[in-house]
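Breakdown of the fold
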Amino acid sequence: MKTTKKLVMIGNGMAGVRAIEHLIKLAPDSYEITIFGAEPHPNYNRIMLSTVLAGGSSMDEIIINDLQWYEDNRIRLYTGEPVVKIDSANRKVISRSGIEAEYDKVIIATGSKAFILPIPGADKEGVIGFRDIADCETMMDASKTYRKAAVIGGGLLGLEAARGLLNLGMDVTVIHINGHLMDRQLDEPSGRMLQRELEAQGMKFLLKKQTLEITGKKRAQGLKFADGTSLEADLVVMAVGIRPNVEVAGASGIDVNRGIVVSDWMETNVPDVYAVGECVEHRGIGYGLVAPLYEQGAVLAKRLAGIETDGYTGSVTSTKLKVSGVDVFSAGEFKDSPDSRSLKIQDEVGGVYKKLVIRDNKLAGAVLFGDTADGASLFSLIKSGESIAGREKELLLGIPSELMGQSKGAKFESMPDDEIVCGCNGVSKAAIGEAITAKGCTSVADIKACTKASASCGGCKPLVEGLLHFYAGDAATESKEGICGCTSLSREEVIDEIKRMRLMTVKEVMNVLEWRESEGCSKCRPALNYYLGMLWPEEYVDEKESRITNERYHANIQKDGTYSVVPRIYGGVTSPADLKKIATVAEKYNVPLVKFTGGQRIDLLGVKKEDLPGMWEDLDMPSGHAYGKTLRTVKTCVGNTFCRFGTQDAMGMGIKLEKAFERLNTPAKVKLAVSGCPRNCAEATIKDFGVVAIDGGWELHVGGNGGIHVRATDLLCTVKTDDEVIEWASAYLQYYRENARWNERTSNWIERVGLDSVKEALAKKEDREALVERIEKTLSLTTDPWKEIIENRELRKNFEPLADVQTVKQ
């Protein structure tokens, strides 16, 4: 009789969850799985944090496994709940808040934490590491207020952080203790070339500098160096290395050296307790790159599934940096030594540098700058240890193999099956081959959806394409990017098919349009939910489970797992009575922080999930929708009501707009503002829809953004009356709703489609009236979610703690 064992994993990061994914495939239903994560998020791609900082991805887009995945695999997830001890005598783990979970097997996958230099001032406000989403959010918030950032550490992580801060508009200086950048992966010539490239992008460098102190009172204001010089900085990011998170192991009697000591099968010294990832030390080595951690996870999954496997014997690592067009690759040895010889080419004009380090006719290491296309194949040669005698120049010059008398396919045929092609997601050549030959993948998009190869940084895409043609031959098709990896259909094709076949549910769309993943993903499910609601406002039933967490709970989840509550304050105008009510509620529920927002509202932060319905009921105010893809705020100045410069009633117009469009679902969040004169005190020209009063009328501005990528609005038109403002705002918002991609802000949408096309679409009054009619129909069907939950007992149950999962946070 099959028995189900209890598996508890401490940590919810990439390495551990990857091992769980393997285990579920190898031995489905063999374990009842519980995961404790210290962060308030599901599993996300930490490698992509720099992309988030650089503005290339949103936080939602780097989620690897959304909450639905945990539910689908019957995994009990505790978020924001670090474990403090493993009680091996009684076979249970204990969390910080006292949750106890019994186990038959335990995996410790607690990862690592940023190393903070032990120097005076390191504990000041504005001094952070760069390891998680909270660090990203801190940097983004700081960029809104401060301008000068210092990044200590000129390694891979430091440069990626610096590039992100530069994109956020900050003045960034990188401080590095050694003489050239990335000195643990690059030699001096390539390090210098990298520095010049980044300097051309606006990054500043201070090399051979040792930081002695961070100055300032409460918050960081600068740095002092050992040579007596100093630097002003409002934000200090330390990227000087990582340290394994070993506290729980140390507190539980598990052998710890620099990391948790494990065997080749990832076993600790305590029976049935395993460890994997950045927290471990294997044969005296700790790894910080994802590929070795995935290799460890694969071994552990087989071990737990009862499948015979060779042990993990260690990894040769490679490093790739791709920030803002700078391509750098490094693997193995990169320095010259007495027993090795090296071949180099350096093209300062073309910005290309290549170096091969050779020992005993074998490739011992490689450095590539500017052209990294051969990185994977060189890495394969380093790992295989095969002789390259007679091929040195071919490898250095990167001459196409067919010109050297070798067929193109020979290159891929010679690759070992276990060679990792996608380092971000640990996908081997064999896995890609299987996806093509056994699972019918015929495009890179198919392979991405099936294996996740090329799904992160995309640097391996040329190699994946090569393998596709090698295995599939003429059956290979051009990649077509769909709305996500679950489909090759574009947004327009999906909407056309929904309309043509009158598809009415998310599940129906996925089935009929033959989604590759039957349950979809965190990207397509919310998108389909929005498109269906937009197309069929009267018939479609909103699917709560397809919404992101904030929208399911109608409050913004915070990094500690609590929520923030923002009641609607129309046009930023409130009253003493409402202020007293908010204060009373804040005291009743012990709200730890009350803050005025940039949108002229009041934010109650630190609210427990179970307190949300009661708080909403006591407030007796509409939801401010500060959490969703909907109308957020309408910011106003006092206009001619009080201001001597005001020419129109800005507050009255703002309140009118906010009451007209509150609760409106939109592709992405929408912010409005109304300024009473061209002095523009309400900052209307960086809003999605901005209204600026002029003598005798209003200017209507569109497509602005004050976020990461600041964009000033474009002037849509000038109107004379208040009714015209409402008509144009309604038509514009509905046209945006019907034509933008899900999660596409108006600033990006305007850039994509062009202002002229929007003007043309809204030019005729009959077209505007048709759009107004559709948006009014949609708005007439909306209800206040807080009130709905207060009045519906069944909905309130979602916020009540259950007997055995009372502290589970989602």
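The structure contained in this document is the topic of the report that follows. (Residues numbered from 1 in each chain as written. Predicted model: local features only at pLDDT ≥ 70, side-chain atom pairs only at ≥ 80, totals over all residues. Heavy atoms only, no water.)

1. Considering the pattern of salt bridges
Scanning the entire structure with this criterion turns up 50 salt bridges. A salt bridge links Glu21 to Arg18, with the shortest nitrogen-to-oxygen separation between them at 3.9 Å. A residue pair is termed a helical-turn pair when its members lie 3 or 4 positions apart in one helix, as Glu21 and Arg18 do in helix H1 (residues 14-26) at 3 residues. Take Glu21 and Arg18: they sit in the same class, and that class is buried. (Salt bridge = Lys/Arg side-chain N within 4 Å of Asp/Glu carboxyl O. Helix = DSSP H or I, 4+ residues; strand = E, 2+ residues; numbered from the N terminus. Buried < 20%, exposed > 50% of the residue type's maximum accessible area, 1.4 Å probe, protein only.)

2. So, helix H20 (residues 612-619)
With respect to burial, H20 is a largely interior element, 6 of its 8 residues being buried. Within H20 the residues assigned to the buried category are Leu612, Pro613, Gly614, Met615, Trp616 and Leu619. Elements in contact with the buried residues of H20: helix H18 (549-553), strand E29 (563-565), helix H19 (576-588), strand E31 (602-607), helix H26 (785-791) and helix H27 (793-796). (Contact = heavy atoms within 4.5 Å.)

3. What to know about the sheet that holds strand E15 (residues 230-232)
Strand order in the open sheet made by the 3 strands is E13-E14-E15, with antiparallel pairing throughout. A single partner strand is all that each edge strand has here, and the edge strands are strand E13 (211-215) and E15. Between one strand axis and the next, the sheet turns by 20° as a mean value, whatever way the strands run. Pairing of strand E14 (residues 222-225) with E15, which is carried by 3 bridges, proceeds in the antiparallel orientation. Among the inter-strand pairings, Gly222 is bridged to a residue of E15, identified as Glu232. (Pairing = 2+ DSSP bridges. Axes fitted to C-alpha atoms, helices over the stretch in contact; angles between N-to-C directions.)

4. Some words on the nonpolar core
Ile20, Ile86, Val93, Ile107 and Ile108 are the most contacted members of the largest nonpolar core, which has 51 residues in total. In this structure Ile108 touches Ile10, Ile86, Val248, Ala249, Ile254, Ile260, Val273, Tyr274, Ala275, Val276 and Cys279, once residues within four positions along its chain are discounted. Grouped together as the second largest cluster of nonpolar side chains are 44 residues, Leu53, Met140, Val174 and Met203 included. (Core = buried A, V, L, I, M, F, W, Y, C linked by side-chain atoms within 4.5 Å.)

5. Some remarks on the side chain of Ser143
Examined against the element boundaries, Ser143 turns out to sit in helix H4 (residues 133-145). For Ser143, a relative accessible area of 6% corresponds to the buried category.

6. A closer look at the pairing of strand E33 (residues 670-675)
When you tally the buried positions in E33, you get 5 out of 6 residues, the bulk of the element. Across 4 bridges, strand E32 (residues 631-636) lies against E33 in parallel orientation. Bridge assignment links Lys635 to a residue of E33, and that residue is Ala673. Read from E32 through helix H21 (residues 650-661) to E33, the crossover connection turns out left-handed. As judged from the 4 bridges shared by E33 and strand E34 (residues 689-694), these two strands associate in the parallel manner. Among the inter-strand pairings, Leu672 is bridged to a residue of E34, identified as Phe689. (Right-handed = clockwise from strand over helix to strand, strands pointing away.)

Geometric values such as these leave the question of function open.
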